[in-house]
Amino acid sequence: MSNRLGSGIVIVIAGLGLGLAALLITARHGVTEWPFVAAFGLLIAIGEMVQFKVDRSRNRAPIATSAALGYAMLRGPSLEVAPDIAQVIAVTSVATMIGMCPRAIAGLRWDIVVSNRRVLSVACAAVVFSAVVPRDLGWNGSWRHAIPLVGAMLLGVLTAGLVDALVGAGQATELFNKPFPASLRDELLVMGRIGMAMGLSGVLLAAGTSLLGLWAPPLVIVPLLLTQFAFRRFASAQRTYRTTVRSMARSTEIAGFSSPGQNARTASLAVAIGNDLGLTPARMEALEYAALLSGVGQLALADPSPGGASLLRTREERQRAAEIGASVIERSGVLDRVAEIVRHSNDPYRQGRASNSAIPLESGIVNVALAYEQLVGEGTGQSPDKALESIGLGIGAEYDPVVVESLRRVVGRGFRF
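Everything numeric in this text was worked out from a predicted model, so none of it was measured.

(A) Structural context of unusual backbone geometry. Not every positive phi belongs to a glycine, and Glu33 is a case in point at roughly 55°. Here Glu33 shows up in the loop between helix 1 (6-29) and helix 2 (34-49). Its identity is not glycine, yet Asn177 carries a phi of approximately 55°, on the positive side. Its location among the elements puts Asn177 in the loop between helix 6 (143-176) and helix 7 (180-212).

(B) Summary view of a nonpolar patch on the surface. Residues Leu20, Leu23, Leu24, Val94 and Ile98 make up a contiguous nonpolar surface patch of roughly 450 Å² in combined accessible area. The biggest single contributor to the nonpolar patch is helix 1, with three residues. Tracing the backbone through its elements, the reader meets Ile98 in helix 4 (residues 85-106).

(C) Fine view of the pattern of salt bridges. For the coordinates displayed, the defined rule picks out 16 salt bridges. With a closest N to O distance of 3.0 Å, Arg118 and Glu48 form a salt bridge. One end of the pair, Arg118, is in helix 5 (residues 112-132); the other, Glu48, is in helix 2, with 70 residues separating them in the sequence. Given the relative accessible area of 9%, Arg118 is considered buried. The partner of Asp276 in a salt bridge is Arg409, and the shortest N-O contact between them spans 2.6 Å. Taken together, the residues span a long stretch of sequence, with Asp276 in helix 9 (residues 262-276) and Arg409 in helix 15 (residues 401-412) at a distance of 133 residues.

(D) Structural view of the confidence of the model for the protein chain. Confidence in the prediction of the protein chain, expressed as mean pLDDT, is 86, and 93% of residues score 70 or more. Taken element by element, the predicted model of the protein chain shows its lowest mean pLDDT in helix 8 (residues 216-254) (80) and its highest in helix 15 (96).

What counts, and where the lines are drawn
- Think of each chain on its own: its residues are numbered from 1, step by step along the sequence as written.
- Predicted model: local features are reported for residues with pLDDT of at least 70 only, side-chain atom pairs are reported and counted for 80 or more only, and whole-chain, interface and lining totals are derived from all residues.
- Derived side-chain values reflect all non-hydrogen atoms in the structure, with water molecules and hydrogen atoms excluded from consideration.
- Helix numbers and strand numbers start at the N terminus; a helix is a DSSP run of H or I with at least 4 residues, a strand a run of E with at least 2.
- Residues enter patches when their relative accessible area tops 30% and they take part in no salt bridge; the joining distance is 9 Å for like charges and 5 Å for the nonpolar side chains Val, Leu, Ile, Met, Phe, Trp and Tyr.
- We get accessible surface area from the Shrake-Rupley algorithm with a probe of 1.4 Å; when it comes to residues, only the shown protein chains can shield them.
- Each reported salt bridge corresponds to a side-chain nitrogen of Lys or Arg within 4 Å of a carboxyl oxygen of Asp or Glu.
- Buried residues are those whose accessible area, probed at 1.4 Å on protein chains only, stays under 20% of the maximum for their type, while exposed residues exceed 50% and partly exposed ones sit between those limits.
- Residue-level confidence of the predictor is what pLDDT reports, using numbers from 0 through 100.

Encoded structure:
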């Protein structure tokens, strides 16, 4: 467990240490432009309080991120003195900690590692922006000033996004044993969809406040609040969606067609293999759902398999159950990808994906994960080494060699049900 928390501890120490150092420097030199400190500090704190989880990776705080980036890039006639790097970091760090406190007291989800990631990325943006733009350069209505300022702001936003993506990719590699290039790809995709929207909001906030003063933040934040509300509705719908899928998966256990927890164990192993193979988040979600629902078609069979051991059935019975299960899943109208995975989850590799590349790799993952679970899962008594040996006998004929090698790596790293 300590190995998996290593990077998180480093991030927290780095964020808190940087924030404390910036606070001491700011206290020594004095705070400038208190109204802007109070306004942006309040926005950052509120943004931390109303953060939400739009996907299954981590919480998002678009208001806090946009406000912090906006404060780091203030330059213009509305300010007599632009905030220096130390003050930007100090305000961001203190406001972030203040915003986290109500969530912690209320028992809501909060993550000090993710919050400190935001502090570090904003600090990098402030350093890059200040290095490119002199403190005496501000908006004066001319293109000669506007073009370099906007360019520097975009560079600062891009720096913040890249730093956060690199740190996030390192964390994902450590936590989920996912190849670093695949983790970085996923983080950059998220940055492109969500991160750049927050960054551009920060640019608008900085430009508007620099020119109009404290009248500008409400004009920028209100649309961001509406966007956040839409994201929260989407996240709520996704949670309901996942709950429904898990309830469907438990129906086979209730009917006695699978052992208690069998579908969840199969899904956990399938996800571990998918991470090892570097699948994208969309494919990972479809893989998890397919593993959970892989036994749904057994409900149409005449009698349950003993202990949920579907491997004891004939090939024809298993493939008919897979086809029935895929047809049931397709009726939802939104799980076509999942249905395709389930349809081929019992296909032997030699007659299936080896000769037909259109068959998803995820089908082979579900096939191997289900076989391993039935050999090692509760009540079977086989050791992981014995199960790997049994599965190894089917490499190239029954099971995809790539998936089996991935299974060996996952089990070798200590995966246990």
